[in-house]
Amino acid sequence: MAMMTNEEYNRMKRRRFRQLAGLLVCCLVVVGIGTVISSGLGVVAALFDDTKKKQEYANKLQCLVMLDPLPFESLDAADSKQLTEAAIWGTIYNALANQDNLDNYERDPDTDGIILPALEVDATMAKLVGPDYKITHESFESSEMMFQYLEDKQGYLIPVTGLVGQYTPQVEKFQRKDGKMYVTVGYIPTFSSTDFSFSAATEPTKYMDYVFAKTDGSWYLTSLQESRMKADNASSADSSDSQSQSQSDPNEALRNSVGDTAVASESGAA
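Residues numbered from 1 in each chain as written. Predicted model: local features only at pLDDT ≥ 70, side-chain atom pairs only at ≥ 80, totals over all residues. Heavy atoms only, no water.

1. Focus: the overall build of the protein
Step number 1: Within the protein, the regular secondary structure consists of eight helices and 10 strands.
Step number 2: Within the protein, the fraction of its 270 residues that count as buried is 39%.
Step number 3: The long-range fraction of contacts in the protein, counting pairs at least 24 apart against all pairs at least 6 apart in sequence, stands at 61%.
Step number 4: Roughly 16200 Å² of accessible area belongs to the protein as shown, and the carbon and sulfur atoms make up 52% of that amount. (Helix = DSSP H or I, 4+ residues; strand = E, 2+ residues; numbered from the N terminus. Buried < 20%, exposed > 50% of the residue type's maximum accessible area, 1.4 Å probe, protein only. Contact = heavy atoms within 4.5 Å. Areas by Shrake-Rupley, 256 points an atom, 1.4 Å probe, with all protein chains shown as cover.)

Take a look at the structure:
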């Protein structure tokens, strides 16, 4: 067997080094491609995941959906008192979410109800329908209670009581059309009733489209329409019963309902 010269030995070492280096580069390329693909899939998934946006709009519409407003083609045609009531409860809801209680508000010495500043109600309304919509602040009565406006305090006297909304919202989808955004909202009843019991409902019994238009970079509610999306017939059959029972039944389920979250907390704080 012939002996390998130093030159041949060195050439073989260089060849093996190049082979190992090439293998390492190939491995890095494979890993890099895998990382890029994985990252790309993550970005694509994030682009199509609108869970956060759905929750944002569910929170925005919570206090309006619970009042079950009738459809309207424009804000001028909407029930102004119902919009004001939604803004009042929305202000309370936000205060509870940010402060955990209502201790920062002045209280009426006779009723112990809180005095909710009209300016805060205006701010809540502006976030929903835009700054151009103006509330006429005055006392009014809803189907549930009386809202007394105190001129000297420039605020609403909110009684220490609970309000159980008829529905809680579940945002289903967003659709852009003709410069507007259609937010399809499922209405989940506060309760689902049977002949023997009451329980929290989990499926919408109807759907409505809340229509938003963009102004100065923000989306504001402009109209409300019946949606083409329809609920299952079986669920829809329970709708009317659940509405009436949600307002009259005093059992434990009523205190744990989704619809009375904000105001029930208010009663506890009082």
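2. As for the pattern of salt bridges
Step number 1: Scanning the model with the defined rule gives four salt bridges in all.
Step number 2: For Asp 50, the salt bridge goes to Lys 54, with nearest N and O atoms at 3.8 Å.
Step number 3: A relative accessible area of 27% means that Asp 50 is categorised as partly exposed.
Step number 4: For Lys 81, the salt bridge goes to Glu 138, with nearest N and O atoms at 2.5 Å. (Salt bridge = Lys/Arg side-chain N within 4 Å of Asp/Glu carboxyl O.)

3. Focus on the pairing of strand S9 (residues 206-215)
Step number 1: In terms of burial, S9 is largely enclosed, as seven of its 10 residues are buried.
Step number 2: Where strand S6 (residues 180-189) and S9 come together, eight bridges link them in antiparallel fashion. By the bridge assignment, Tyr 182 is partnered in S9 with Val 211.
Step number 3: Taken together, the eight bridges between S9 and strand S10 (residues 218-226) define a ladder with antiparallel strand orientation. (Pairing = 2+ DSSP bridges.)

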